[in-house]
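Structural overview for review
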Amino acid sequence: MVLNMGPQHPSTHGVLRLLLELDGETLLKAVPDIGFLHTGIEKEFEVKTYQQGVTLTDRIDYLAPLSNNLVYCLAAEKLLGLEIPEHAQWMRVMLAELTRLNSHLVWLATHAIDIGAMSVFLYCFREREEILRIFEMFSGQRMMTSYFRIGGLALPAPRGWQKKVKDFIDIFPEKIDQYENLLTNNQIWIGRTKGVGYISLEDMLDLGVTGPMLRAAGLKIDARKDSPYSSYEKFDFEVPTRTENDVYARYLLRVEEMRQSTKIIRQALEGMPSGSHQADAPGVVLPDREKMKTQMESLIYHFKIVTEGFRVPEGEVYQAVESPRGEVGCYMVSDGTQKPFRVHWRGPSFGNLQCTGKLIEGTLIADVIAALGSMDFVLGDTDR
Amino acid sequence: MEFLVITGVKLALILFIFMTALAYLQWVERKVIAHVQVRMGPSRVGPHGLLQPLADVIKLITKEGVLPPHVNKFYYLAAPFFAVFMALISISIIPFGTDLTIPAITLGGATYGPWKTMMELADVNVGVLLILAVSSLGVYGIALAGWSSNNKYALLGGLRSSAQMISYELPMSLAIAAPLLTAGSLSLRTIADTQTGFYFGVIPHWAIFQFPAPQIFSFIIFMIAAFAETNRIPFDLPEAENELVAGFHVEYSSMSFAAFFMAEYANMVTVCSVATILYLGGWQPLFPASLGSDLIAPLLLAGCGAICLYHGLHPARPFDRITLPVFAVVFFGLAGLMAFPPTIPILMPIFWFLAKLLFLLFLFVWIRATLPRFRYDQLMGFAWKFLFPVALLNLLITGFLVALAS
């Protein structure tokens with residue numbers, strides 16, 4: 001029997017379509033079919049100025065918008081040769097880690113409800129709401145933040161952000177304990193996840209899997225440690241790894257990552273250096289409102305940036321960032337104009353989805369759901 | 001003639017109360033789960049969403065019943081009503097109180113009555129067997145719905161459900177057999193009556209505490225199997241929404257969809273009633289009346305009334321000022337009724353029966369809010385490799401102890 005699972009199915013997390021060849025409940029062959037959410041974002045980068053492109057990155061991986069903002073900005077800044085002030089860098093780290101918590105919370109919520117634990121879903125969304133409120137406070141937007149801009153941040157940090165972030169990270173570790181209480185030692189949860197969705201490390205590397213999935217297989221690869229960006233080298237955190245490489249290991253790993261992220265946020269909060277939120281680059285960064293009204297040059301820069309954007313020197317660059325799902329990469333080619341010649345996006349979800357077939361073939365339908373959940377893919381990121 | 005009238009009245013009463021209770025059971029479930037999950041639950045229709053069940057029923061009745069072109073029409077239409085019929089039929093033999101004497105009335109010189117009747121529709125002497133038989137037949141509703149829908153998800157759901165319910169029937173029957181040995185009867189009323197009395201004047205004579213073979217394991221096995229029989233989490237594989245979308249009822253809409261829900265809730269009430277009667281002493285109180293068990297009900301209701309009144313005087317929402325005192329008055333009225341001596345022998349058994357029933361139903365809801373779902377093979381393994389042997393062992397030990405004691 002061939003069962004067509006998706007694109008409209010509660011557990012394919014978006015519009016993934018799976019053609020499952022079944023023998024009773026056993027899965028013989030699985031053919032994943034992607035492309036239902038193709039939006040042509042990569043092409044669209046080419047008709048937008050560099051600064052406008054930031055808003056597109058939010059839409060690629062809508063659960064981790066700030067990680068995507070970050071990689072795009074870092075790539076463009078590398079081409080421009082901009083030096084970002086310490087304050088902005090730390091702020092970026094803090095918000096990127098909040099994004100990781102946000103994304104992992106959504107992952108845990110949906111993964112748990114896929115396996116039937118309904119309450120965990122709502123508990124996770126309760127905490128996610130707090131994170132979204134913080135995002136809203138910073139950028140005025142809950143999901144499509146576009147808060148990182150080429151040259152720094154869009155706006156200076158709002159008043160009272162320290163208290164808001166502190167309140168959140170003070171309670172958050174307890175909340176993680178709460179989720180773990182419901183799941184980690186739950187016999188049904190263990191039965192459903194342990195030993196399910198195994199794939200060998202070699203296969204994973206061949207297929208281009210990155211991020212928590214790879215770390216759950218025992219390989220310690222994390223762009224934050226291996227090629228630090230945005231002053232991640234100044235933070236003290238662990239990269240957790242596990243070796244079992246099943247759904248349960250991925251669950252434990254991501255929970256541990258949430259704890260580590262909380263640690264990074266706390267460090268960022270406590271040691272936040274003062275300074276400007278934007279680089280001192282008059283041709284790239286919009287001038288101060290006051291200056292614009294009093295100084296001729298500022299007014300000219302403002303006019304030029306707003307009307308035609310800024311020119312980026314010719315060249316090509318690749319920048320990788322550790323997003324919640326794995327390595328998100330931005331390959332940017334500039335031909336010296338105001339618009340990028342080409343932007344290629346390496347979506348971690350696309351790489352991770354490659355192992356679907358190997359992960360689920362030969363298992364039961366219920367395992368398909370558990371294994372898909374453990375991959376934590378976002379279809380927007382896969383199809384772009 | 002008299003018999004027919006009395007039965008008719010009882011039938012109407014039970015059906016009316018039971019159907020309303022089913023709708024409100026859904027309200028209770030939604031509300032309890034919502035509070036577990038830090039939500040409000042239904043709160044828009046009526047005070048605290050109390051009219052939500054009514055709104056749901058009206059919505060479902062007025063919806064268009066879609067008949068998909070690819071279904072097997074006869075079985076597709078018959079399945080939900082078969083399911084709900086089988087679920088409702090078993091409630092007719094559940095006793096929920098002791099005998100009842102309606103005093104004679106004099107009307108125009110002629111005296112009618114007094115009538116003596118039982119608080120149940122029919123006292124069948126093989127009641128337990130009948131319930132087991134009917135609940136097995138209930139599988140047909142789901143299996144036929146899954147098959148006739150001509151949909152792969154529905155088919156998988158129907159298959160899962162038939163396998164699951166047949167597998168769990170065995171440990172359930174074996175678990176039930178053990179208290180039957182101690183009670184020595186198949187009639188639910190007789191079984192409940194054998195649990196009257198107290199050890200040392202305090203410990204009730206319920207089957208789970210009863211000498212010579214306390215049926216505590218049997219009770220636990222029965223409850224686990226009951227979860228599987230009613231397709232509730234963690235055994236809700238037939239309708240596993242995240243795997244099979246909605247399982248066997250994926251193609252249903254309107255009232256035929258509601259019928260499956262009614263069947264599920266009716267089954268829940270039935271198994272909880274059976275558990276109450278077989279293991280928790282039916283309508284026997286938790287401790288003897290000499291220690292004041294009759295006071296529990298009025299005190300509890302008066303307490304509820306007091307809480308409502310307090311919150312009504314300190315309203316959190318504008319409407320609470322009006323609604324909560326009304327509830328308080330209702331609660332105080334019920335408390336007064338419970339404390340009124342002539343009604344005590346009638347209302348007290350009903351109170352205790354309902355208290356135990358609601359506790360078990362709460363357990364169902366609580367677990368739904370807490371546990372994840374089993375996998376198909378784990379479910380079958382659990383039934384055959386664990387529950388079945390344990391139930392068998394329990395039956396053997398019970399039989400041995402009963403033989404020893406006699």
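Above this note sits the structure.
Here the structure is a predicted model, which means the values were calculated and not measured.

1. Concerning the overall build of chain B
The secondary structure content of chain B amounts to twelve helices and six strands. Its C-alpha atoms give chain B a radius of gyration of 23 Å, within 12% of the compact-globule value 22 Å for 406 residues. In terms of principal-axis extent, the alpha carbons of chain B reach across some 65 × 65 × 50 Å. Scored against the burial criterion, the 406 residues of chain B give a buried share of 48%. In the form shown here, chain B has an accessible surface area of approximately 19000 Å², with 77% of it arising from carbon and sulfur atoms. Within chain B, one finds 20 positive and 19 negative side-chain charges whose respective centroids are separated by 8 Å.

2. Some words on the overall build of chain A
What chain A contains, in helices and strands, is 17 helices and eight strands. For 384 residues, the compact-globule estimate of 2.2 N^0.38 gives 21 Å, and the C-alpha radius of gyration of chain A, at 21 Å, lies within 12% of that figure. In terms of overall dimensions, chain A has a C-alpha envelope of 75 × 45 × 35 Å along the principal axes. Buried positions account for 60% of the 384 residues belonging to chain A. Long-range pairs, those at least 24 residues apart, make up 70% of the contacts in chain A between residues at least 6 apart in sequence. Of the roughly 14600 Å² of accessible surface on chain A, 52% is carried by carbon and sulfur atoms. Positive and negative side-chain charges of chain A, numbering 42 and 51 respectively, have mean locations separated by a distance of 4 Å.

3. Points about the interface of chain A and chain B
Facing the 34 residues of chain A at the interface are 27 residues of chain B. The largest per-residue losses of area from chain A upon contact with chain B belong to Glu25, Met118 and Ile188 of chain A, which jointly make up 22% of the total buried on that side. Our count for the contact surface shared by chain A and chain B stands at one salt bridge. Between arginine 375 of chain B and aspartate 367 of chain A there is a salt bridge, with its nearest N and O atoms 2.8 Å apart. The interface formed by chain A and chain B contains nine residue pairs in polar contact (both at pLDDT 80 or more). Those elements giving two or more residues to the side of chain A that touches chain B turn out to be β1 (2-5), α4 (86-115), α5 (118-139), α7 (187-193) and α16 (365-375) of chain A.

4. Some points on the sheet that holds strand β8 (residues 342-346) of chain A
Residue and element names in this part refer to chain A. Spatial ordering of the open sheet is given by β6-β7-β8, a layout of three strands whose pairing is antiparallel. Edge positions in the sheet fall to β6 (315-323) and β8, since each has one partner strand and no second. The average undirected angle you get between the axes of adjacent strands in this sheet is 15 degrees. Here five bridges tie strand β7 (residues 326-334) to β8, and the two strands are oriented antiparallel to one another. Note that in β8 the partner of methionine 332 across the bridge is valine 343. With respect to the sheet, helix α3 (residues 65-80) is in contact with β6, β7 and β8, its orientation differing from that of β6 by roughly 150 degrees.

Rules used in this analysis
Once a new chain begins, its residue numbering starts again from 1 and follows that chain's sequence as written. A letter from A marks each chain and a number from 1 marks each ligand, given out in the order of writing. The model is predicted, so local features are restricted to residues of pLDDT at least 70 and side-chain atom pairs to those at 80 or more, both for listing and for counting; the totals for chains, interfaces and linings are taken over all residues. The side-chain numbers reported here are obtained from all heavy atoms of the structure, hydrogens and water having been left aside. Strands are runs of DSSP state E lasting at least 2 residues, helices are runs of H or I lasting at least 4, and numbering of each runs from the N terminus. Atoms counted for the radius of gyration: C-alpha only. Globule rule: 2.2 Å times residue count to the power 0.38. Residue exposure (1.4 Å probe, protein chains only): buried if accessible area is under 20% of the type maximum, exposed if over 50%, otherwise partly exposed. Accessible surface area values rest on a Shrake-Rupley calculation with a 1.4 Å probe, where residue burial reflects the displayed protein chains alone. By the counting rule applied here, Lys and Arg register as positive and Asp and Glu as negative, while His and the ends of each chain are not counted. For this purpose, a charge sits on NZ of Lys, CZ of Arg, CG of Asp or CD of Glu. Residues count as neighbours in contact if any of their non-hydrogen atoms are within 4.5 Å of one another. Buried area is understood as the total, over both parts, of accessible area removed when two parts are fitted together, assessed with a 1.4 Å probe. The salt bridge definition used is simple: a Lys or Arg side-chain nitrogen within 4 Å of an Asp or Glu carboxyl oxygen. Throughout this description, a polar contact denotes any pair of N or O atoms lying within 3.5 Å of each other; where both atoms belong to protein, one of them has to be capable of donating a hydrogen while the other can accept it, and for residues adjacent in sequence the pair is counted only when both atoms sit in side chains. Two strands pair under a simple rule: DSSP has to find at least two bridges between them. For helices, the fitted line uses only the C-alpha atoms of the stretch in contact; every axis is such a line through C-alpha atoms, and the angle between N-to-C directions lies from 0 to 180 degrees.

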